[in-house]
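The residues making up each chain are set out below.
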Amino acid sequence: MWYRDMLLRLMLLTPLLAFAQSSLVVDWQKQYDTWYWPAQMSRPENVRWSDSGRLMAYSSRESSGQVWKLVDCSTGQVRPAFDHEKVAAVLSELTKNKVTAKKWPFTRVIALDDGRVRLESDSAAWIVEADQRLTPSPQGKKSDAATPEKTNKGPGESRRISFSRQRAESPTGDHKVELRGGNVVLIDLKKANTETQLTQDGIEGKDGWVGPINWSPDGRHFALWRERTVPVRQYLVTDSVKQTKKSISYDKPGDDRTERTPWVFSVDGKSSGRPSADVLPLSHSTERLDWSADSKRLLSEFIKRGFTGHGIIEYDVERRKWRRLLTEEDPKFVHSYATRYRYDLNEDRTLWLSERSGWLQLYSVGLKSGKTLNAITSGPWVLKEVIKVDDKADTITFIALGRIPGENPYHQHFCKVGLDGKDFVDLTPSDGHHEVIFSPDRRTLIDISSRVDQAPTYTLRSGIDGRAIATLGAGDLTPLKKAGWPPAMPFVAKDRDGKTDIWGVVTRPHPFDPKKKYPVIENIYAGPHSSFAPRSFNWWNRNHRELSMLGFYVVQMDGRGTSNRGKEFHQVSWRNLKDGGFPDRVAWIKALAKVEPNMDLSRVGIYGGSAGGQNTAHALLLHGDFYKAGAADCGCYDNRIDKLWWNEQWLGYPVGPWYEENSCAKYAANLRGRLFLSVGESDTNVDVKCSYDFRDALLAAGKKDLFEFHVVPGANHGAGESNEMREKRARFFEAALGKPLPL
């Protein structure tokens, strides 16, 4: 969006006041400015549907100014929302100011179902009649313009049906529960507040019972937690600029953790129940105490310590017994934070995401039996995110990746299917990465489709069957190309085994001389939690463009071990972060060089931050025959020192020898290329000890002449991306890899 581009421009420009001497930053800014205006393309803005959804009004920026249009969503007819010249003349007379399409005195155009439109500012409103007369009108209810559907919110909107009553007093008013000194006391309100001590061994703040208290609807049972409390490790963050020090909670792999176990009590005081270890394993987290409407069942959820699974457990009141109801498990890992999804349709049925087939798909599961009722989606592709469950229409809207053979598998498509698994439809069927703007009734949508080498197109589609209704616009790259802008290029090659496609993107040096050969730099982030290579249009990808302007090919791809390509592809990273997909990356770059003969593979560099910093270090330490220079920022070089949740997700629990096997320090003696290390002094994400220990290991290995180490005072995570540090990194690569040479 234009405002994002303007924000980026301001972000680039503002630091120049402080770093005016930074010549590379000045050069980058000049190039950005040169391409900025040619990059501004017309697109639908200020989108609003009429109350019935039959009509839609929007604006677009054209050479004449801001043009407003009206779309009939049933026929696809697109016409001017009003006669711009006549309305401008009438408004000039009404407001006593010259009105043109470049400066309208209103900001909103509301489509009325009778075909007229209402023009609204914050202080006035007019209805445009059929003869273009303006009739003063009360303002309608102020509404924001429609915006693209928010995605990347995790596996999607979820719902748990619960009839628990969270309070101290029972729903019947007969009893009350108090927690004293870590123990449970039941008070009979009908018998002169007679107290019964239900537990004796709790120790407040250490190992006792904690709330909230969850009563069953019939008031005969209540559930709460037995909590064994463990103090969380503290990490001291130093800021020499502000001259402050503060401690933050920061647990690390293998640390003992606070555990919460669900526990059910009866008001008769005769029974209580907790799940056994075979029902509830050692857990990373437990949550929810949900009673059924008939008070016969309680459901609770868990994520296993070491991230080998998650699930639902059930307490049966009549049998006084716990059992596992529904689980998703794998001996390697389950990416619970991205795949744990449950949406209760009713008390008997829930929607559940599972990779049981090797691909993340959606299933309908009996919430009393735990048995699968039917597969709602299936196939060798990934259901990335549930966008909307429509209980009335019995449909689900979701994002799918990799469904269409031959298309970039990271392109997201918005799809819809019935709860019975039938009537599947791709609402955004064109070859591209899609964002959508849904109408309020979701019967129509604006499909925004682009690729790394294709500007966005805007199509009004049916929200029922994906049918194209009207073309609303398309970005034109001609002005950019006339200004000398070279598009990024998608590229696909086979992986290390010659079987699976690896997708990525390459940006050529600018300016490009076909008579020269150029060094290559890979921008890497291979954290297993997602995929990262560009997949949609971005005319100024800073991570690529800046270095390309210095005479480098810049490449980025997603190798094996990253997600969104199925379980087998993903689990290459299990206990094996040092792999980083490098055999795939090297094969991809070599394949690219066969079609880009100006690439000089004797001079390949790599850079990244955070997990990408660790990847960069591993590239030089374990693949130094290919990667000759690297710049690593704030890397998690030793996974035993970094935060618990991210590292146990891939390396598991308890800490085993594979943690050391993935430590960069173990391979410090292997360094033979040039290495640029940077870290923010005040990093709160990755413990700075990771960087300091790696530095010390390199010094101990006698590598002091092969690396440089930069600590950025007062800077947090990502310190290497400041203007000053990006310039230092660029100068490092110029010195380490050299300039373009004659072919």
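Further up the page is the structure itself.
Since the structure is predicted, the reported quantities are computational estimates derived from the model, not experimental observations. (Residues numbered from 1 in each chain as written. Predicted model: local features only at pLDDT ≥ 70, side-chain atom pairs only at ≥ 80, totals over all residues. Heavy atoms only, no water.)

Participant: Where do I start with the overall build of the protein in this structure?
Facilitator: A tally of helices and strands in the protein yields 13 helices and 43 strands. Whereas a compact globule of 743 residues would reach a radius of gyration of roughly 27 Å, the protein reaches 30 Å, a difference of no more than 12%. Each principal axis of the C-alpha atoms in the protein carries an extent, and together these give about 85 × 85 × 55 Å. Residue burial in the protein is summarised as follows: out of 743 residues, 55% are buried. Taking as baseline every contact in the protein between residues at least 6 positions apart, the subset at least 24 positions apart corresponds to 58%. Accessible area for the protein stands at about 31600 Å²; split by element, carbon and sulfur atoms hold 50% of it. (Helix = DSSP H or I, 4+ residues; strand = E, 2+ residues; numbered from the N terminus. Rg over C-alpha atoms; globule rule 2.2 N^0.38 Å. Buried < 20%, exposed > 50% of the residue type's maximum accessible area, 1.4 Å probe, protein only. Contact = heavy atoms within 4.5 Å. Areas by Shrake-Rupley, 256 points an atom, 1.4 Å probe, with all protein chains shown as cover.)

Participant: Whenever I open this one, the sheet that holds strand β29 (residues 412-418) confuses me. Can you help?
Facilitator: Strands in a sheet are paired, the pairing made by backbone hydrogen bonds, and the direction either parallel or antiparallel. Taken in spatial order, the four strands of this open sheet run β27-β28-β29-β30, and their pairing is antiparallel. This sheet does not close on itself; its edge strands, each paired only once, are β27 (382-390) and β30 (425-426). Sheet analysis places β29 next to β30, joined by two bridges and oriented antiparallel. Within the sheet, the bridge partner assigned to Cys415 lies in β30 and is Asp426. (Pairing = 2+ DSSP bridges.)

Participant: Please clarify how the sheet that holds strand β3 (residues 65-72) should be interpreted in this entry.
Facilitator: Reading across the sheet, the four strands line up as β1-β2-β3-β4 and stay open at both edges, with antiparallel pairing between neighbours. Only two strands of the sheet have a single neighbouring strand rather than two, namely β1 (45-49) and β4 (78-80). Shown here is a sheet whose adjacent strand axes are inclined to one another by a mean of 25°, direction ignored. In this structure, β1 lies alongside strand β2 (residues 55-62), joined through three bridges in antiparallel fashion. Bridge pairing links Arg48 to Ala57 in β2. (Axes fitted to C-alpha atoms, helices over the stretch in contact; angles between N-to-C directions.)

Participant: Looking at this structure, how should I read the packing of aromatic side chains?
Facilitator: Two aromatic rings, taken as a pair, are described by how far apart their centres are and by the angle between their planes. For the structure on display, the rule yields 40 aromatic pairs. With a centroid separation of 6.1 Å and an interplanar angle of 80°, the aromatic rings of Phe82 and Phe106 are classed as edge-to-face. Of this pair, Phe82 sits in the loop between β4 and α3 (84-95) while Phe106 sits in the loop between α3 and β5 (108-111); the two residues are 24 residues apart in sequence, bridging distant segments of the chain. For the pair shown, Phe82 and Phe106 are each scored as buried. Three or more aromatic residues joined by ring pairs form one cluster here, namely Tyr32, Trp35, Tyr36, Trp37, Trp539 and Trp540. Directly above the aromatic system of Trp209 lies the positively charged group of Arg226, at a separation of 4.1 Å from the ring centroid. The lysine or arginine in question, Arg356, covers the ring of Tyr363, its NZ or CZ lying 4.1 Å from the ring centre. (Phe/Tyr/Trp six-rings, centres within 6.5 Å; stacked < 30°, edge-to-face > 60°. Lys NZ or Arg CZ within 6 Å of the ring centre and 35° of its normal.)

Participant: I'm lost on the environment of Ala483 in this one. Help?
Facilitator: One can find Ala483 in the loop between α5 (478-482) and β35 (489-494). By relative accessible area, which is 28% here, Ala483 ends up partly exposed. Along the chain, Ala483 and Pro38 lie 445 residues apart, while their C-alpha atoms are 7.4 Å from each other. Setting aside residues up to four positions removed in sequence, Ala483 forms contacts with Trp35 and Pro38.

Participant: Any chance you could explain the pattern of salt bridges here in plain terms?
Facilitator: Any two side chains of opposite charge can pair, so long as their charged atoms come close to each other. Scanning the model with the defined rule gives 58 salt bridges in all. Note that Arg323 is salt-bridged to Glu314, the shortest N-O span being 2.7 Å. Given a relative accessible area of 30%, Arg323 falls into the partly exposed group. Glu314 sits in the buried class, given a relative accessible area of 5%. Salt-bridge contacts for Lys368 lead to Asp348; the nearest nitrogen and oxygen are separated by 3.0 Å. In this pair, Lys368 is assigned in the loop between β25 (361-366) and β26 (372-375) and Asp348 in the loop between β23 (342-346) and β24 (349-354), connecting sequence segments 20 residues apart. Residue classification places Lys368 among the partly exposed residues on the basis of a relative accessible area of 44%. By relative accessible area, Asp348 is classed as partly exposed at 42%. What emerges from the salt-bridge pattern is a single network uniting Arg160, Glu287, Glu301, Arg340, Arg342 and Asp344. (Salt bridge = Lys/Arg side-chain N within 4 Å of Asp/Glu carboxyl O.)

Participant: I tried to follow the environment of Lys689 on my own but got confused; where do I start?
Facilitator: Within the secondary structure, Lys689 is located in helix α12 (residues 689-700). Relative accessible area serves as the criterion here: at 40%, Lys689 is assigned to the partly exposed category. It is 9.3 Å that separates the C-alpha atoms of Lys689 and Tyr637, two residues lying 52 residues apart in sequence.

Participant: What is the right way to read helix α13 (residues 723-737) from this model?
Facilitator: Since the α-helix advances by 3.6 residues per turn, residues separated by three or four positions end up pointing in the same direction. Over its 15 residues, α13 extends 21 Å from the first C-alpha to the last, a length consistent with the 21 Å expected when each residue adds 1.5 Å. Taken together, the buried positions of α13 are occupied by Asn723, Met725, Arg726, Glu727, Arg729, Ala730, Phe732, Phe733, Glu734 and Leu737. (Expected span 1.5 Å × (residues − 1).)

Participant: How should the nonpolar core be read in this particular structure?
Facilitator: Within soluble globular proteins, side chains that are nonpolar generally end up buried alongside one another. One finds Trp588, Tyr627 and Phe694 to be the most contacted residues of the largest nonpolar core, which totals 52 residues. Trp588 has contacts with Phe491, Val492, Ala493, Ile502, Trp503, Gly504, Val505, Val555, Gln556 and Met557, leaving out every residue within four places of it along the chain. Counting 33 residues, the second largest nonpolar core, distinct from the first, contains Trp35, Ala39, Leu480 and Phe732. (Core = buried A, V, L, I, M, F, W, Y, C linked by side-chain atoms within 4.5 Å.)

Participant: Explain empty space enclosed by the protein to me, please; I cannot follow it from the model alone.
Facilitator: A probe matching the size of a water molecule, rolled over the atoms, marks out where space remains unfilled. This model, assessed by the stated rule, comprises seven cavities of 30 Å³ or more. Roughly 170 Å³ of volume is contained in the largest cavity. Lining the largest cavity are 14 residues; nearest its centre among them are Thr339, Glu355, Leu360, Ser563 and Asn564. Contributing elements (two or more residues each) for the lining of the largest cavity: α4 (336-339) and β27. At three residues, β27 tops the list of elements feeding residues into the lining of the largest cavity. In terms of residue class, the lining of the largest cavity is built from four nonpolar, seven polar and three charged. Taken as a whole, the second largest cavity holds about 90 Å³ of empty space. Lining the second largest cavity are 17 residues, with Ala526, Pro528, Leu577, Gly580 and Asn615 positioned closest to its centre. (1 Å grid on protein atoms, 1.4 Å probe; cavity = no way out; pocket = protein on both sides within 12 Å on 5 of 7 lines; lining within 4 Å. Points joined across faces, edges and corners; volume = space filled by probe spheres on them. Nonpolar A, V, L, I, M, F, W, Y, C, P; charged D, E, K, R; others polar.)

Participant: Any chance you could explain the pairing of β25 here in plain terms?
Facilitator: It is a general feature of regular strands that their side chains alternate between the two faces of the sheet. For β25, a buried count of six out of six residues is recorded, marking the element as mostly surrounded by other parts of the structure. Burial along β25 is two-sided: Gln361, Tyr363 and Val365 facing one way and Leu362, Ser364 and Gly366 facing the other are all buried. Turn length for the β24-β25 hairpin, with the two strands adjacent in sequence and antiparallel, is six residues, and the turn residue Gly358 shows positive phi of about 95°. In terms of strand pairing, β25 meets β26 through three bridges, oriented antiparallel. If you follow Ser364 over to β26, its bridge partner there is Asn374. Turn length for the β25-β26 hairpin, with the two strands adjacent in sequence and antiparallel, is five residues, and the turn residue Gly370 shows positive phi of about 80°.

Participant: Explanation requested: the packing of helix α2 (residues 23-36) against α13 in the structure shown.
Facilitator: When two helices pack together, their arrangement is given by the angle between the helix axes and by the axis-to-axis distance. Two elements in contact, α2 and α13, have axes separated by 9 Å at closest approach and are oriented at 100°. Here α2 lies roughly perpendicular to α13, going by the angle between them. The segment α2 lies against α13, with Ser23, Leu24, Val25 and Trp28 engaging Asn723, Arg726, Glu727, Ala730 and Arg731. In terms of residue class, the contact of α2 with α13 is built from four nonpolar, two polar and three charged. (Parallel < 35°, antiparallel > 145°, perpendicular 65-115°, else oblique.)

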